[in-house]
Amino acid sequence: MKAGKPVIAALGRQTTPQVPIWLMRQAGRYLPEYRAVRARAKSFLELCFTPELAVEVTLQPIRRFPLDAAIIFSDILVVPHALGQSVRFEEGQGPLLEPIRSAAELRNLSLGRLAETLAPVATAIAAVRRELPEHVALFGFAGAPWTVASYMVEGSGGSEFATVKGWAYREPESFALLIELLVDATGAYLLRQVEAGAEILQIFDSWAGMLSPAALERWALQPTAEIVRRVKARHPDVPIVVFPRGVGASYARYAAECGCDGLSLDSTVAPEWAAATLQPRVAVQGNLDPLALVTGGGAMREEVTRILGRLGGGPFVFNLGHGILPQTPPEHVAALCELVHDWKRR
Ligand code: CP3
């Protein structure tokens with residue numbers, strides 16, 4: 001009998017001989033071969049929308065390391081771009097968007113060209129599926145409405161979220177229109193990714209931890225749960241992982257209400273708490289501090305062993321608590337894969 005893919009098995013609560021591992025942002029600037037391809041593309045968005053290049057950088061970490069999943073190379077901000085907003089990525093500055101600040105400006109956005117603009121991502125997904133080793137699963141992904149709306153309204157990262165929160169508090173009815181537009185766009189985009197060949201989906205809510213509990217429920221958890229329902233209505237068997245970064249004890253609300261198969265944990269979540277509170281309901285993924293991976297050696301080994309000791313019994317997929325940092329030595333990634341795969345369940 002053919003063995004299944006370990007990440008899919010773990011998200012389906014089956015035990016696997018080894019703990020599976022993949023890493024958020026596993027394709028990226030810490031790899032010299034990524035920087036070489038990046039230098040050939042005119043812009044970051046061109047890299048995302050040229051299937052040949054997107055396929056190449058998706059496969060780079062898979063060729064180098066014994067990872068159990070690939071994640072299609074793209075970005076969460078391709079959705080605002082496809083809705084008609086101006087999105088640029090400046091070297092060293094991160095993303096820059098022409099901000100949307102009112103209900104009137106929402107009228108400049110439309111779902112009309114979404115499928116056409118994002119078609120190259122589907123083409124790249126189909127091509128990656130043909131190239132992956134048999135045991136390696138392919139993740140599709142998108143940003144959650146709250147995190148994507150934050151970039152759309154603030155216009156860049158690194159802000160204090162005063163503008164986007166101000167809008168949500170002052171005029172919740174019109175802010176809800178933006179969130180609903182993103183639920184529609186993201187739901188359709190994720191369905192398209194599954195139809196192209198994505199086997200698992202991850203929804204990134206990187207800024208969920210900025211919200212009060214009531215705002216979290218309304219602007220982050222419920223919109224994400226609605227996207228999960230829409231995907232599951234058509235494809236009930238596709239596992240979905242949600243990453244509500246920084247929400248602390250509210251991870252338990254996600255486990256109870258979100259309808260997802262897995263929760264990706266940031267590095268502040270205590271593994272023993274996650275084992276007692278979350279794992280009985282959902283699979284968990286995480287949560288090595290990306291700076292422990294940069295450091296490597298004994299400090300990394302200690303952290304990894306602690307996480308595996310608490311969560312490794314399953315259902316569990318090893319990952320970082322946030323994306324790989326550009327200064328990460330690639331050899332440390334190889335050492336991490338070996339540590340995780342060699343760890344034995346007791
Ligand atoms: O390997 C993979 O994980 C797939 C590719 C991927 C990228 N971005 C490529 C990328 C994924 C899954 C993302 C998700 C993403 N993008 C998130 C959610 C996860 C998280 O990190 O919180 C967010 C918030 C973004 C928005 C974004 N894109 C920012 C803030 C930046 C600039 C900061 C940075 O890390 O550079 C980007 C640019 C970006 N997206 C790069 C890559 C490889 C670097 C740009 C470059 O190569 O010039």
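A short tour of the structure in this document, coming up. Quick caveat: nothing in here was measured; it's all calculated off a predicted structure. (Residues numbered from 1 in each chain as written. Predicted model: local features only at pLDDT ≥ 70, side-chain atom pairs only at ≥ 80, totals over all residues. Heavy atoms only, no water.)

## Some details on the site of the ligand
Note the threshold: A molecule or strand has a residue near it when one of that residue's heavy atoms lies within 4 Å. Side-chain atoms alone can form a polar contact between residues adjacent in sequence; in general such a contact is a pair of N or O atoms within 3.5 Å, and within protein one must be able to donate a hydrogen while the other accepts it. A helix here means a DSSP run of H or I that spans at least four residues, while a strand means a run of E at least two residues long, and both kinds are numbered starting from the N terminus. Gly is put with the polar residues, along with every residue not named as nonpolar or charged; the nonpolar set is Ala, Val, Leu, Ile, Met, Phe, Trp, Tyr, Cys and Pro, and the charged set is Asp, Glu, Lys and Arg.
The local shell around the ligand holds 22 residues, among which Arg29, Tyr34, Asp75, Ser206 and His322 are the closest. Here an oxygen atom of the ligand sits 2.7 Å away from a polar atom, N or O, in the side chain of Arg38. Looking at the shell around the ligand, the elements that each hand over two or more residues are α2 (32–40) and β3 (94–97). Broken down by class, the residue content of the shell around the ligand amounts to 13 nonpolar, five polar and four charged.

## Overview of helix α15 (residues 297–311)
The line we're drawing: One less than the residue count of a helix, multiplied by 1.5 Å, gives the span that helix is expected to have. Relative accessibility decides the category of a residue: with a 1.4 Å probe and only protein chains considered, values under 20% of the type maximum give buried, values over 50% give exposed, and everything between is partly exposed. Of all possible arcs, the one meant is that of the directions from the helix axis to the C-beta atoms. The contact rule is simple, with two residues in contact once any of their heavy atoms fall within 4.5 Å.
Along its 15 residues, α15 runs 21 Å from first to last C-alpha, staying within 8% of the 21 Å computed at 1.5 Å per residue. For α15, every residue scored as buried is listed here: Met300, Val304, Ile307, Leu308 and Leu311. Angular distribution of buried residues about the axis of α15 spans 95°; they occupy a single face of the element. Among the structural elements, α13 (271–277), β8 (283–288), α14 (290–295), β9 (316–320) and α16 (330–342) are those in contact with the buried residues of α15.

## Considering the side chain of Asp75
To be explicit about the condition: When charges are counted, neither His nor the chain ends are considered; positive counts come from Lys and Arg and negative counts from Asp and Glu. Note on definitions: salt bridges are taken to be side-chain nitrogens of Lys or Arg within 4 Å of carboxyl oxygens of Asp or Glu.
Residue placement: Asp75 occurs in the loop between β1 (69–71) and α5 (78–82). In this structure, Asp75 is buried with no salt-bridge partner, the nearest side chain bearing the opposite charge being Arg25 at 5.0 Å. Within polar-contact distance, the side chain of Asp75 engages the backbone nitrogen of Leu77 at 3.0 Å. Those residues within four positions of Asp75 in sequence are excluded, and the remaining contacts are Phe44, Cys48, Phe89 and Phe141.

## Looking at the side chain of Ser264
In this structure, Ser264 sits in strand β7 (residues 262–264). According to the relative accessible area criterion, Ser264 is buried, its value standing at 0%. In contact with Ser264, not counting residues within four places along its chain, are Met24, Gln202, Val241, Val242, Phe243, Pro244, Tyr251 and Gln285.

## Quick look at the packing of α15 against α16
Packed helix pairs are characterised by how far apart their axes lie and by the angle those axes make with each other. Heads up, the rule is: Structural elements are reduced to axes, namely lines fitted to C-alpha atoms, with helices fitted over the stretch in contact, and the angle between N-to-C directions of any two is expressed from 0 to 180 degrees. Note: crossing handedness is left-handed where the near helix turns anticlockwise from the far helix by less than a right angle, and right-handed where it turns clockwise.
Orientation of α15 relative to α16, taken along the N-to-C sense of each, is 35°, at an axis distance of 11 Å. Note that α15 runs across α16; the crossing there is right-handed. Residues Met300, Arg301, Val304 and Leu308 of α15 form the contact with α16, whose participating residues are His332, Ala335, Leu336, Leu339 and Val340. Each residue belonging to the contact of α15 with α16 can be placed in one class, and the counts come to seven nonpolar, one polar and one charged.

## Looking at the sheet that holds strand β5 (residues 200–205)
Here is the rule we go by: When DSSP locates at least two bridges between a pair of strands, those strands are taken to pair.
Across the sheet, seven strands lie side by side as β1-β4-β5-β6-β7-β8-β9; this open sheet has parallel pairing. In this open sheet, the two strands that pair with only one neighbour each are β1 and β9. Looking at each pair of strands side by side, their axes are set apart by 25° on average, direction ignored. Alignment of β8 against β9, held across five bridges, turns out to be parallel. Note that in β9 the partner of Gly286 across the bridge is Phe318.

## Quick notes on α16
Its 13 residues place the ends of α16 19 Å apart at the C-alpha level, agreeing with the 18 Å of an ideal helix rising 1.5 Å per residue. Taken together, the buried positions of α16 are Pro330, His332, Val333, Leu336, Cys337, Val340 and His341. For α16, the angular spread of the buried residues around the axis is 165°, confining them to a single face. Along α16, exposed side chains directed more than 90 degrees from the buried face belong to Glu331 and Glu338. Tucked into the core, α16 has its buried residues touching α4 (51–64), β8, α14, α15 and β9.

## Digging into unusual backbone geometry
The linkage connecting Gly286 with the following residue, Asn287, adopts the cis geometry, with an omega of -25°. With respect to the helices and strands, Asn287 occurs in strand β8. Looking along the chain, the bond that leaves Gly314 and enters Pro315 is cis, with omega of -5°. If you trace the backbone, Pro315 turns up in the loop between α15 and β9.

## Considerations on the nonpolar core
Note the following rule: Note on terminology: a nonpolar core comprises buried Ala, Val, Leu, Ile, Met, Phe, Trp, Tyr and Cys residues joined through side-chain atoms within 4.5 Å.
Phe175, Tyr254, Leu263, Leu288, Phe318 and Leu336 are the most contacted members of the largest nonpolar core, which has 135 residues in total. Among the elements that line this core, the one with the most residues is helix α10 (residues 172–196), at 13 residues.

In short, the description is geometric, and any link to function would need to be established separately.
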